[in-house]
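Spelled out, the chains give:
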Amino acid sequence: MALIDHPAATWEPMQGGEVFYRRQKLYSVGGKLPNLADYYAAGCAFGGPIALMRDSTKLVALGRSAPSFSRSQVQIYSPAGDGLLLFSWDQGKIVKFGWTGDERLVLLNEEGLYRLYDLQGDYEQFSLGTEASESGVVDAKIYQNGLVALTGTLTLLEVQGWKGGKPMTLANPNLAAPPNAWAVIPSDLNISRHVEVLMSVDATVISVDNLESTDQRLSRGPFTHVSPSPNGKLLALLTYNGTLWVVSSDFQRSITEYETSTTTGAEGPIKQVEWCGNDAIIVAWENLVLLVGPYSDTLLFPYSTATFVISERDGIRIMSQDLCDFVQKVPASLLSVFRYGSTSPAAILYDAWESFSKRQPKADESIRSIKPDLVKAVDLCIAAAGHEWEPNWQRKLLNAAKFGRGYLDRYDPTDFIKMGQDLKVLNAVRFFEIGIPLSYDQYLQATPSHLISRLLSRNLHLLALRISNYLGLKSDVVLKHWAGAKIMKSKASVSETDSTADDEVCKLIVDKFEQLGGSDFSYADIAKRAWEVGRIGLATKLLDFETKASDQVPLLLQMKEDRLALAKAVDSGDTDLIYQVLLHLQKRLALGSFFKLIEDGGPKLLPARRLLEVYAREQNREMLRDFYYSDDRRVESAVLCLDEAATFKDPHAVTTAVKNARKFFSEDKDRAFEAKMMGEYTKLLEFQLETERECENRVNFRGLSVNDTITLCFTNGMGKRGDAAKKAFGVPDKRFCYLKLYALTSAQDWEGLDALGKTKSPIGFEPFVRHLLEKGHPKQAAGFVPKCDGPKRADLYVDCGEWRAAAVVCKERGDKAKMEELRKRSPNTVITREIDQIASSMK
């Protein structure tokens, strides 16, 4: 019994015993699958599921124990035979179906329409475009990161990625008929980093990429199967007469040949030619699987029912109605430990551990014999544990490594600990109820995060959460997916008005997040999922727990919860976010609805209102005018009109704007004064326009006040218009006299100034003298001194430099004291003598 349980018991030698292959039984399906001979199948790599679709050309017997389904249905099974999904297809004839790298099933119909189904039955739908729709799709090849379709016009269309991108037309292969067989080498496996299509045409193979079509000039075709190796370096070609020919992908080297027609027990046509890793090839008939090695060595694996093989990077998975097996090349670490007769340090270490377990003294002697290679032996035992499928042997190998580690002074246990963690995860997902038979190499390539995503696609949230916590990964992804699934599950039983149910689901999600995800968990993604499935009330409740307004507000806008989005943006205090909401609402809503939403917000939305005014004042005055009008803000509307008037160059436009301002002011009973002023201003503008026309626009009066207008009239010799302005605007006599004085002085219109002095002055004539002196005109100022009050004349003459006239005034007034004061103030002896002479003549 121990011999049967030994890992090497199922090994099959090749290449003279240098290489071994093993067939590992993964699951006993037990008739859970239908007869695969009656179905088209597509297998997902990395231990993924298998999709089945009825072959409509074959009759299916009814009443058997095996499951069956109609022609229009697609069934997805796990490798353990458990049904994962069953759905109907109603989009025409399916040309091809296959799997993406993230475990979604792609179905392509003859009209170029393709869907991507996840394991919950949700799908995305895209199209290959007009060309494929019109000419039809004849065949296609689907790989992890895209597809290549052959259209009815025998052209090739490539789709890169699964985002629904526009198909790219590859080089024209110049085909007269569809190829006998063809395959695709993905861009990441090609030196040129472009997808390469290999097509068997007549006796040769044509290589096509996006730049050119190349005839490889072969003569051994046509070929029924073309299969590139997982690393893209080799090709397996099967001729019509059954010759398997392996060549390099550049067709420069022939590696090996094998005549499959000599295979014992082979019946019927060959169904599949696939690679088992990069070293061997699987040739599959309906009930027989042949493994061909690099030196034409072969191994036969017969089955009682029809099979389907799925190529993996490190082996091949064989599915039948009863079994799921995994065939692979035995890893070097396992060979080193368990190969019969092995004397490697790893094998000796394992024997030493077994001796130690049996309390035999031989253990210490064995350890000492490999002391120089003990570190390597420990590492190999750890690596061998990773490649072993049975937990019992995994445990033994790790115990052997642990035993050897005890004899080492310094050894980093990181690899040992990590291997233990990885094996615990792998054993959990390999369990038949989970049904993901990942090998250790596949696990390393796919990464733990990818495995978590695959568990979530099956709604295995508890296992995904435990693995995430065990490996120290963030649980955010798991919790988000769980919440989305919880929302979807409760969708059918909840009506739109059932707020109680929304509260219950919201509380359940929030409590779970706070328990497992921490307080900084984002609820925006979960709320978006709820909104997408029509649970608007639940989405709004979930968003109340979102702490980041930058995540909260955009989703509220998508949900058309406009008022709430604006309120949340205002509460955040982020002006950029408030502007984002305002501009979004302005584009989407009618202007009246937009303004009403802001106005009805009251004091809470006051910051948004002010920011809108600031924006509109700088960018959109028309919108600001409408906003003020809708809000019945007459004063602000009037001020806006005046603000705009200041920017206009057309005088008629200015007049119109001021009239509008007057109209707005007049509609507010508390602004009667402002309305009156606007009326006066309008009259002034019209007066200025008339004045400009009168002077043939030689003088610009626009923007001037009444005072400045009068001044400019007299300055430019338009006295009558100045007098008209006084009368039109009721300018007081004193102010008018001052304005006229200043204007005539500025223009040095002495005649006009003399004429003004001959009239009765409401301000007297002393201001005349003072202003003329200030402007540097003492001679003209002296002419107005006689019209001033007598007591001030002497001082005014002195200010004008007329000392003799001042002395004469003192003589005439008999003011000896003033005369004496003048004598003392005289600037020189000449003036003093003149004053003395006049003073001597006084009585």
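S.K.: Sorry, what's going on with the pattern of salt bridges here?
M.R.: A side chain of one charge can pair with a side chain of the opposite charge when the charged atoms of the two come close. One pass over the full model with this rule turns up 26 salt bridges. Between Arg454 and Glu103 there is a salt bridge, and its shortest N-O distance comes to 2.9 Å. On the criterion of sequence distance, the pair formed by Arg454 in helix 9 (residues 440–457) and Glu103 in the loop between strand 7 (94–99) and strand 8 (105–109) is long-range, its members being 351 residues apart. Note on accessibility: Arg454 and Glu103 belong to one class, buried. Asp279 is the partner of Lys329 in a salt bridge, and the nearest nitrogen-oxygen pair spans 3.4 Å. Linking Lys329 in strand 29 (residues 323–329) with Asp279 in the loop between strand 23 (272–276) and strand 24 (280–284), this pair joins segments that are 50 residues apart in sequence. Among the residues examined, Lys329 registers a relative accessible area of 35% and is labelled partly exposed.

S.K.: What's the story with the sheet that holds strand 22 (residues 254–259) in this structure? I'm lost.
M.R.: The strands that make up a sheet are held in pairs by hydrogen bonds between backbone atoms, and each pair lies either parallel or antiparallel. Here four strands make up an open sheet; going across it, the order is 19-20-21-22 and the pairing antiparallel. At either margin of the open sheet sits one strand with a lone partner, and together these are strand 19 (223–228) and strand 22. Mean inter-strand twist for the sheet, computed between neighbouring axes without regard to direction, equals 15°. Where strand 20 (residues 234–239) meets strand 21 (residues 243–248), five bridges bridge the pair, whose relative direction is antiparallel. Looking across to strand 21, one finds that Leu235 is bridged to Val247.

S.K.: Is there a simple way to think about the sheet that holds strand 5 (residues 73–77) in this case?
M.R.: The sheet built from four strands is open, its strands ordered 3-4-5-6 with antiparallel pairing. Edge positions in the sheet fall to strand 3 (39–43) and strand 6 (83–88), since each has one partner strand and no second. The sheet shows a mean angle of 20° between the axes of neighbouring strands, taken without regard to direction.

S.K.: What is the right way to read unusual backbone geometry from this model?
M.R.: With omega at 0°, the peptide bond leading from Gly221 into Pro222 counts as cis. Note on placement: Pro222 falls in the loop between strand 18 (213–215) and strand 19. Backbone geometry at Gln15 places phi at a positive 55°, although glycine is not the residue there. Tracing the backbone through its elements, the reader meets Gln15 in the loop between strand 1 (11–14) and strand 2 (19–28).

S.K.: What should I look at first to understand the packing of helix 23 (residues 672–694) against helix 25 (residues 719–729) in this one?
M.R.: A pair of packed helices is characterised by two quantities: the angle between their axes and the separation of those axes. Contact pair helix 23 / helix 25: the axes reach a minimum separation of 12 Å and the direction vectors enclose 165°. The angle between helix 23 and helix 25 falls in the class roughly antiparallel. Considering how the two elements wind past one another, helix 23 and helix 25 form a crossing that is right-handed. When helix 23 is examined against helix 25, the residues Glu680, Lys683, Leu684, Phe687, Glu690, Thr691 and Glu694 are found in contact with a partner set consisting of Arg721, Ala724, Ala725, Ala728 and Phe729. Residue composition of the contact of helix 23 with helix 25, by class: six nonpolar, one polar and five charged.

S.K.: Got a minute to help me understand the packing of helix 24 (residues 706–715) against helix 26 (residues 733–747) in this structure?
M.R.: Where helix 24 contacts helix 26, the axes come no closer than 8 Å and their chain directions differ by 40°. Classed by the angle they form, the pair helix 24 and helix 26 counts as oblique. The way helix 24 lies across helix 26 gives a crossing that is right-handed. Contact residues: Asn707, Ile710, Thr711, Phe714 and Thr715 in helix 24; Arg735, Phe736, Leu739, Lys740, Ala743 and Ala747 in helix 26.

S.K.: What should I look at first to understand the pairing of strand 1 in this one?
M.R.: Here four bridges tie strand 1 to strand 2, and the two strands are oriented antiparallel to one another. Paired with Trp11 across the bridge in strand 2 is Arg22. Connecting strand 1 to the next strand, strand 2, in antiparallel fashion are four residues, including Gln15 with a positive phi near 55°.

S.K.: Please clarify how the side chain of Ser248 should be interpreted in this entry.
M.R.: Topologically, Ser248 is positioned in strand 21. Note on Ser248: relative accessible area 3%, which makes it buried. A distance of 2.5 Å separates a polar atom in the side chain of Ser248 from a polar atom in the side chain of Asp250. Every residue in contact with Ser248, bar those within four places of it in the chain, is listed here: Lys233, Leu234, Leu235, Arg253 and Ile255.

S.K.: Mind showing me how you'd approach the pairing of strand 20 here?
M.R.: When a strand is regular, its side chains alternate between the sheet's two faces. Burial of strand 20 is extensive: six of the six residues sit out of reach of the surface. Side chains Leu234, Ala236 and Leu238 project from strand 20 onto one buried face, and the interleaved Leu235, Leu237 and Thr239 project onto a second face that is buried too. The turn linking strand 19 back onto strand 20 is made up of five residues, and Gly232 within it adopts a positive phi angle of 75°. The antiparallel pairing of strand 20 with strand 21 creates a hairpin that spans three residues between the two strands, and Gly242 there sits at a positive phi of about 95°.

S.K.: Mind showing me how you'd approach helix 27 (residues 750–757) here?
M.R.: Count 3.6 residues to each turn of an α-helix, and residues three or four apart come out pointing the same way. Taken residue by residue, helix 27 has Gly752, Leu753, Leu756 and Gly757 as its buried positions. Around the axis of helix 27, the buried residues are gathered within 145° of arc, so they sit on the same side. If you follow the buried residues of helix 27, they end up packed against helix 26 and helix 28 (766–774).

S.K.: Would you mind showing me how to read the packing of aromatic side chains here?
M.R.: Enumeration according to the criterion identifies 20 aromatic pairs in this entry. Ring geometry for Phe403 versus Tyr407: centroids 5.4 Å apart, planes at 75°, classification edge-to-face. Feature note: the residues Phe338, Tyr350, Trp353 and Trp393 constitute an aromatic cluster, connected by ring pairs. The lysine or arginine in question, Lys396, covers the ring of Trp393, its NZ or CZ lying 4.2 Å from the ring centre.

S.K.: I'm lost on the side chain of Ser761 in this one. Help?
M.R.: The topology assignment puts Ser761 in the loop between helix 27 and helix 28. Take Ser761: its relative accessible area is 13%, and that puts it in the buried class. From its side chain, Ser761 meets the backbone oxygen of Gly764 in a polar contact 2.7 Å long. If we ignore the near neighbours within four places in the chain, the residues touching Ser761 are Cys737 and Phe768.

S.K.: It is not clear to me how the environment of Asn707 should be interpreted in this structure. Could you clarify?
M.R.: Its location among the elements puts Asn707 in helix 24. Relative accessible area serves as the criterion here: at 27%, Asn707 is assigned to the partly exposed category. Sequence-wise, Asn707 and Lys740 are 33 residues apart; in three dimensions their C-alpha atoms are separated by 9.8 Å. Here Arg735 takes part through its side chain, which lies 3.3 Å from a polar atom of the side chain of Asn707.

S.K.: When you look at the environment of Ser630 in this model, what are you seeing that I'm missing?
M.R.: Within the secondary structure layout, Ser630 lies in helix 20 (residues 621–630). Residue Ser630 is classed as partly exposed on the basis of its relative accessible area, which comes to 35%. Each C-alpha atom, one on Ser630 and one on Lys596, is 8.1 Å from the other, the two residues being 34 residues apart in sequence. Apart from the residues lying within four places of it in its own chain, the contact partners of Ser630 are Phe595 and Glu599.

Parameters at a glance
- Residues numbered from 1 in each chain as written.
- Predicted model: local features only at pLDDT ≥ 70, side-chain atom pairs only at ≥ 80, totals over all residues.
- Heavy atoms only, no water.
- Salt bridge = Lys/Arg side-chain N within 4 Å of Asp/Glu carboxyl O.
- Helix = DSSP H or I, 4+ residues; strand = E, 2+ residues; numbered from the N terminus.
- Buried < 20%, exposed > 50% of the residue type's maximum accessible area, 1.4 Å probe, protein only.
- Pairing = 2+ DSSP bridges.
- Axes fitted to C-alpha atoms, helices over the stretch in contact; angles between N-to-C directions.
- Parallel < 35°, antiparallel > 145°, perpendicular 65-115°, else oblique.
- Left-handed = near helix turned anticlockwise from the far one by under 90°.
- Contact = heavy atoms within 4.5 Å.
- Nonpolar A, V, L, I, M, F, W, Y, C, P; charged D, E, K, R; others polar.
- Polar contact = N/O pair within 3.5 Å; in protein donor to acceptor, adjacent residues only side chain to side chain.
- Arc of directions from axis to C-beta.
- Phe/Tyr/Trp six-rings, centres within 6.5 Å; stacked < 30°, edge-to-face > 60°.
- Lys NZ or Arg CZ within 6 Å of the ring centre and 35° of its normal.

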